Each structure stands twice: as structure tokens, then as C-alpha cells.
Amino acid sequence: MDEEYDCIVLGTGLKECILSGFLSVNKKKILHMDKNQYYGGESASITPLEKFYELFGRTPKQLGSSKDWNIDLIPKFLMAQGELVKYLIDSGVTRYLEFKQVEGSYVYKDKKLFKVPADEKEALATSLMGIFEKRKFRKFLLFANDFEPDDPSTWQGVDPEKTPMKEVFAKFGLDANTQSFTGHALALHLNDCYVEEPCKETLMKIKLYSYSLAKYGKSPYLYPLYGLGELPQGFARLSAIYGGTYMLDKPIDEIKYDENGRVCGVTSQGETAKTKMVIGDPSYFPDKVKKDGQVVRCICFMDHPVPKIKDSASCQIIIPQNQLGRKSDIYVCVVSYAHNVAAKNYYIAIASTTVETTNPEEELQPALELLGPVIEKFVKVSDVLVPTDDGSKSGVFITTTYDATTHFQTTCKEILDIYKRCTGGDLDLTTVREDLEAAQRE
């Protein structure tokens, strides 16, 4: 291990594996280590069932075949036309994965669930709004889907860089309820700060949702067979193809710095690998991160689908914060044996939110009430850790803890940001695309 590397990556969570793959593709010599014996870190899928129970210090129950369970620790879905899917396609990682569409996206209002309307046809059919509001919302959706930030003829008097989103809502006369599900279930904002910000980002998010929905129908979300743990492994393979070296079960003894405070090496089991750059998850850098809130997640095993959603093998549910007088949304993601993550006829529902009180589990109660009888539930409260600096002086670039959302949009934004900070340039996957094209010609 006494070699020099362009970058040492610590932890095999999805963010770390994607960055490792991208750096390897762009001719960087990478050493990737993880103190765990498995890929995925925080974003792992745990199998068999006994191993999952072990993580929570519980005695396993007999729930079908133990080997059929692949349980995500962090629930997320992929937007069909989102950044992560583009990464998977452009890097060729789709060769190692299979996906299944999530069957529906729902929003909670007045203790009922409604399918999220995302196109003009659904806008007119939904019972989420009255007849006059439906027409206003349909006009708004047509505007959002035609909107191009570089084409003023599509703006209808709105300035993408200056007009706040609340003024766009007012322009179309949308009521508070419509604004709420538009901002939280279509644009997938975490809170209501966006209404004061320029409308460009929100309109592009709504457009992405509509495009993703149009790709397959039913919902805009995809989910990998055998769980999210397949994603980091796919990008780890990409890194290995381009020369990256992987080592699991490697405890990190020390991260070394020179006299100027710049990282210069990583020591594991008495051996030191030299480097001028390190990327890693917060668990490796307790002295360089700070707590920025908490997330509570409750993983539930069930033998039935969500009662109010007819025979759906998978779905996403968003409970907007204003429905419960909260500051942050509650998310529920449901997957099942149909995705090879549970034994036959079993379902996994994971509810999550940003902690706001001293009783985190109680905060999830409105979501748990939607699920019907639950066989087992596992609750975990995690600190949200963020780096205390941007890494420019130390050469240490730290990812943040995963947020409460059930989609990867915020994750992808962070990956691009770290890539730019540690390389000084924008992501370029030209090399791997050319290699893939050359392999196809052969």
C-alpha cells in the first residue's frame, strides 16, 4: 500500500462510489477503502434478514426466505429523467443493474391520499382540487412544461432569474393547497423557502418531474432490483475498470497532514498510502464535521400493500409540512417482493423526516397510520453531519449525511459540487462514452 494516489476515497456509500468512478474515468489513480465488510456504507442494502436484525440488536423473525431480503438503510427512488439516471447511462453502469418502475406517487391532504397530478389530463381528473382550481392548475402546468429559461418567448412575462415563485403562483391564481403539493410533491422542495427565491429552479424541477412521468407513465420514479446497494457496487465496478483499487474491511488508523495542514496520506493497519486529496463520508472525519439537525427513519415490514392505495407493490407518499403544522415534509417509500428486496408477499415501507421535537418517532405517526398493521418496525435517529469547510485548503472533501427525502435529486447536486471543488472542472464522461461506443462496434 506504500504507493502514491491522486485521491484516496474513504467509505463506499453511493456518493463516494460515484465520485470514485468519475475520477477514475478521468485518469485519476484512486485507492478506495471502507472500514465495513460490505459496500454501500450508509446507503447499503442489508442481506440476509438475520444481518439486518443484528444491526438493530434484535432477534430475527421467520419471514419467508431470509436470503430474499435486501433492506435499504436509506430509502431513495431515482427520477426517470434525473441526474443519477443520466450518470448511470453515460457511464455504462446500467449494464450491471436492472430497474423497475415505482407504481405511483401520492400526496397527503386532510388525512387522505391522492395521486400526484403531473400532466394536463391528470390535472383535470384529480379529486385533489375543485373544478375551477383544476383549470388554473392545468394552465400553470402547460406554462411550466413549455418553459425554457433561455427562450423569453416562453416566459409569459416572468423573469426566471428575478421573479420569485410566489409571484408565479399568484399569476396563475393557485390556492395554498395547490401551491403546497406543487412545491413539495412535484418540485420536491424540502421546505417553503423556495417561494421567495427566483422561479427558474422550481419551474425546471416541475418540468423534470413531468418529463420523468412521461417516460414510463404511472410515476416518475425508478428503483433497482435487489435494492439501492446495487448502485454503489455498479459505480465501484466502473472505477475498477478504469484502474481504481478497492479494499473493504480496512480500518483507518490515521489521516496524515503536512506542516501546512494539507492532507498527505492515509494509514491503515500500519501501512500508509500517500495522496494530496481525500474524499470520504463524515464518519471518517469527526474533527471536520458539525451536526446540522437529525433525521428519523422507521423501517416497517408488512404482509400487505398500503391499504388506501389499491394493490400497489411500490409507491412514494409525501406528507407536506403544512398538512401537519410542521416545518419539514414526511416521506414514505414502499417497495416489495416485486423488486427482489423482500420475501414473497412481503412489503417494506420506510417513513422518514427531519426531526423537529424531542420525540422523533412520534413525528412519524401520521405516516405510520397510513400503513395499516405492521409486523415489525425498526426506528433509527441519525445525526445530519456536514463538513465545516469546503476542503480547498486541506484537500479533504467530505460528503454530507443523507437527507430525509426519498429521491436522489439533492444527492446528485452535491456530487457535482464536490467533483468541481476537488478537480477544479466540470464533470466530463466523454472518455467512457467513447469506450462504450468502441466496445459496441467490436
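Everything below is about the structure shown above.
A few points on the structure. (Residues numbered from 1 in each chain as written. Predicted model: local features only at pLDDT ≥ 70, side-chain atom pairs only at ≥ 80, totals over all residues. Heavy atoms only, no water.)

Some points on the environment of D34
Structurally, D34 can be placed in the loop between β3 (30-33) and β4 (45-46). Using a relative accessible area of 1% as the deciding quantity, one classes D34 as buried. Leave out the neighbours within four places in its chain, and D34 touches G11, T12, G41, M247, L248, D249, K250 and Y284. (Helix = DSSP H or I, 4+ residues; strand = E, 2+ residues; numbered from the N terminus. Buried < 20%, exposed > 50% of the residue type's maximum accessible area, 1.4 Å probe, protein only. Contact = heavy atoms within 4.5 Å.)

Some details on a negative patch on the surface
Negative charge collects at one region of the surface, where D428, E434, D435 and E437 lie side by side. Turning to its location among the elements, E434 is positioned in helix α13 (residues 430-441). Residue classification places E434 among the partly exposed residues on the basis of a relative accessible area of 46%. (Patch = residues over 30% accessible without salt bridge, like charges linked within 9 Å, V, L, I, M, F, W, Y side chains within 5 Å. Areas by Shrake-Rupley, 256 points an atom, 1.4 Å probe, with all protein chains shown as cover. Salt bridge = Lys/Arg side-chain N within 4 Å of Asp/Glu carboxyl O. Lys, Arg positive; Asp, Glu negative; His and termini not counted. Charge placed at Lys NZ, Arg CZ, Asp CG, Glu CD.)

Section: the nonpolar core
Among the nonpolar cores identified, the biggest contains 100 residues, and W69, L84, F140, F235, F301 and I348 are the most heavily contacted of them. Here the element with the most residues in this core is helix α1 (residues 14-25); it accounts for 7 residues. Setting aside chain neighbours within four positions, we find F301 in contact with L49, F52, Y53, L63, W69, I71, Y347, I348, V374, I375, E376 and F378. Counting 24 residues, the second largest nonpolar core, distinct from the first, contains C298, V334, A351 and L364. (Core = buried A, V, L, I, M, F, W, Y, C linked by side-chain atoms within 4.5 Å.)

A word on the packing of aromatic side chains
Across all of its chains, the model carries 23 aromatic pairs by this definition. Taking 4.8 Å as the distance between ring centres and 75° as the angle between the ring planes, the aromatic pair formed by F52 and F378 counts as edge-to-face. Within this pair, whereas F52 is found in helix α2 (residues 49-55), its partner F378 is found in strand β20 (residues 376-387), the two being separated by 326 residues in sequence. Since its relative accessible area comes to 0%, F52 is described here as buried. By relative accessible area, which is 0% here, F378 ends up buried. For the pair F137 and F140, a centre-to-centre distance of 6.4 Å together with 25° between the ring planes defines the contact as stacked. (Phe/Tyr/Trp six-rings, centres within 6.5 Å; stacked < 30°, edge-to-face > 60°.)

Concerning the side chain of E133
With respect to the helices, strands and loops of the structure, E133 is situated in helix α5 (residues 131-146). Look at E133: it is buried, it has no salt bridge, and the nearest opposite charge is K136 at 4.0 Å. Ignoring anything within four residues of it in the chain, the contact list for E133 reads G173, L174, D175 and T178.

As for the pairing of strand β18 (residues 330-336)
Of all 7 residues making up β18, 7 are buried, and the element is well covered by its neighbours. What you see with β18 is no split at all: I330, V332, V334 and S336 on one side and Y331, C333 and V335 on the other are buried throughout. Note: strand β17 (residues 315-319) against β18, 5 bridges, orientation antiparallel. Counterpart to Q316 in the pairing with β18 is C333. Inspection of the sheet shows β18 paired to strand β19 (residues 347-354) by 7 bridges, in the antiparallel sense. By the bridge assignment for β19, C333 is matched with I350. (Pairing = 2+ DSSP bridges.)

Comments concerning α1
Between its first and last C-alpha, α1 extends 16 Å over 12 residues, near the 16 Å set by a 1.5 Å rise per residue. Extensive coverage of α1 is indicated by the burial of 12 of its 12 residues. Burial in α1 covers these residues: L14, K15, E16, C17, I18, L19, S20, G21, F22, L23, S24 and V25. (Expected span 1.5 Å × (residues − 1).)

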